[in-house]
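Read off the chains here:
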Amino acid sequence: MRHLRLGDTTVDILLDGVFEASRDILIHNGGEAALASALARWGDRPFSVDVNVALLRGPRGVDLVDAGTGTTWGPGLGHARSALAACGVAPDAVDRVFLTHLHGDHAYGLLDGAAPYFPRADVVLPEAELAFYTDPAERARLPEARHGGFDIAAAVTAAYGERLRPVPFGPVAPGVELVPLPGHTPGQGGFLVTGGGSTLLLLGDALHLEVEQAADPDFGTVYDLDPGLAAETRRAVLDRAAAEGWIVAGGHLRGFGRVARDGAGFRILPLS
Ligand SMILES: [Zn+2]
């Protein structure tokens, strides 16, 4: 299911495209033997995930959670823009973009070249994330392949100016709370949206693979900057979502689901 009503707010998951990589990007915190058995279960499939943008419409106005790839990841992606148009939402109708973290598949969609793609929108993001990705010492510490977030932070800051709003974890708008989800990136946050007696967690990249990483939270990808902390966060957030009965959706999940504990791990049950 890609459409949900939370009280007087509607939520649509817009597909930006499908990202594929070789299975070589998969890792396991349990070491080589654990990785070998996880890969044996995985088989020869490539790594393939949806890239999503969430559209929320209600009393706050028009909000997005994350912004997709824009024009940066080739013709197979970037379709969140046409999906938004198909929902009748023009770029200048977007009031706010809640940004989980500063990776390209979440943040490049904010940009139209050097200009803001959403000319009226505030961009609300965790201050810890912006602090990390604007720190020259952190940039120098990391290899060049990990420098994308620093370039994106600079470009988004230049484009949005004072409408870029770094915020602490906690309430950020009526019915919206920012919660820390560190590990994938140091300052990643998820957005908890409450309405009509239900709570939806938009969990960014706390997990990419809704089946395999829910079942085994130590199964990860090279995209997690701190794989150990990412797994700890993954386990904790799935556990809390199961305990609280939260609905979950994310940057790379297929629609909405609820989380159930299952043995040593979890299962995400698609909402129908
Ligand atoms: Zn990411």
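Residues numbered from 1 in each chain as written. Predicted model: local features only at pLDDT ≥ 70, side-chain atom pairs only at ≥ 80, totals over all residues. Heavy atoms only, no water.

Break down the UniProt feature "domain: Metallo-beta-lactamase" (unreviewed entry) in the protein for me, with residues and values.
UniProt's feature table lists "domain: Metallo-beta-lactamase" (unreviewed entry) at residues 50-252, given in the numbering used throughout. Counted over residues 50-252, helix gives 29% and strand 28%. Its end C-alpha atoms are 5 Å apart. (UniProt positions renumbered as here; feature names shortened; annotations may be inferred. Helix = DSSP H or I, 4+ residues; strand = E, 2+ residues; numbered from the N terminus.)

Tell me about the pairing of strand β13 (residues 189-195), and please be specific about residues and values.
Of all the 7 residues making up β13, 6 are buried; the element is thus mostly covered by neighbouring parts of the structure. Examined bridge by bridge, strand β12 (residues 176-180) and β13 share 5 bridges and lie antiparallel to one another. When the sheet's bridge partners are listed, Leu178 is paired in β13 with Phe191. Bridging between β13 and strand β14 (residues 198-202) involves 5 bridges; their strand directions are antiparallel. Directly across from Phe191, in β14, lies its bridge partner Leu202. Here β13 folds back onto β14, and the loop between the two strands holds 2 residues, one of which, Gly196, carries a positive phi near 60 degrees. (Buried < 20%, exposed > 50% of the residue type's maximum accessible area, 1.4 Å probe, protein only. Pairing = 2+ DSSP bridges.)

Explain helix α8 (residues 227-244) to me, and be specific about the residues and the numbers.
Helix length check: α8 (18 residues) gives 25 Å between terminal C-alpha atoms against 26 Å at 1.5 Å per residue, within 8%. Those residues of α8 that sit buried are Ala230, Ala231, Thr233, Arg234, Val237, Leu238 and Ala241. Along the axis of α8, the buried residues cluster in a sector spanning 160 degrees; they form a single face. Among the exposed residues of α8, those oriented more than 90 degrees off its buried face are Glu232 and Ala243. Buried-residue contacts for α8 involve β14, α7 (212-215), β15 (219-221), β16 (247-249), β17 (257-262) and β18 (265-270). Positive phi appears at Gly245, one or two residues downstream of α8, with a value of about 70 degrees. (Expected span 1.5 Å × (residues − 1). Arc of directions from axis to C-beta. Contact = heavy atoms within 4.5 Å.)

Residue-level account of the coordination of the zinc ion, with values.
Within the protein, the atoms that donate to the zinc ion are His101 (NE2), His103 (ND1), His184 (NE2) and Asp205 (OD), at distances of 2.1 to 2.3 Å. Classification of the site at the zinc ion rests on its 4 donor atoms, whose angles at the metal span 87 to 168 degrees, yielding the label irregular. Motif for the zinc ion, donor spacing along one chain: H-x1-H-x80-H-x20-D. Here the residue His103 occupies a position in the loop between β6 (96-98) and α3 (104-107), and His184 occupies one in the loop between β12 and β13, the gap between them amounting to 81 residues. Judged by its relative accessible area of 2%, His184 falls in the buried class. (Donors = N, O, S within 2.8 Å, 3.2 Å for Na, K, Ca; no water. Tetrahedral: all angles 85-135°; square planar, octahedral: opposite > 155°, others 65-115°.)

Report on the pattern of salt bridges, specifying residues and quantitative values.
Tallying each qualifying case throughout the model produces 16 salt bridges. When the shortest N-O distance is used, the salt bridge between Asp95 and Arg120 registers 2.8 Å. Of the two residues, Asp95 sits in the loop between α2 (80-86) and β6 while Arg120 sits in the loop between β8 (115-116) and β9 (122-126), which places them 25 residues apart along the sequence. Looking at Asp95, the relative accessible area reads 21%, which means it is partly exposed. With a shortest N-O distance of 3.3 Å, Arg235 and Asp218 are connected by a salt bridge. (Salt bridge = Lys/Arg side-chain N within 4 Å of Asp/Glu carboxyl O.)

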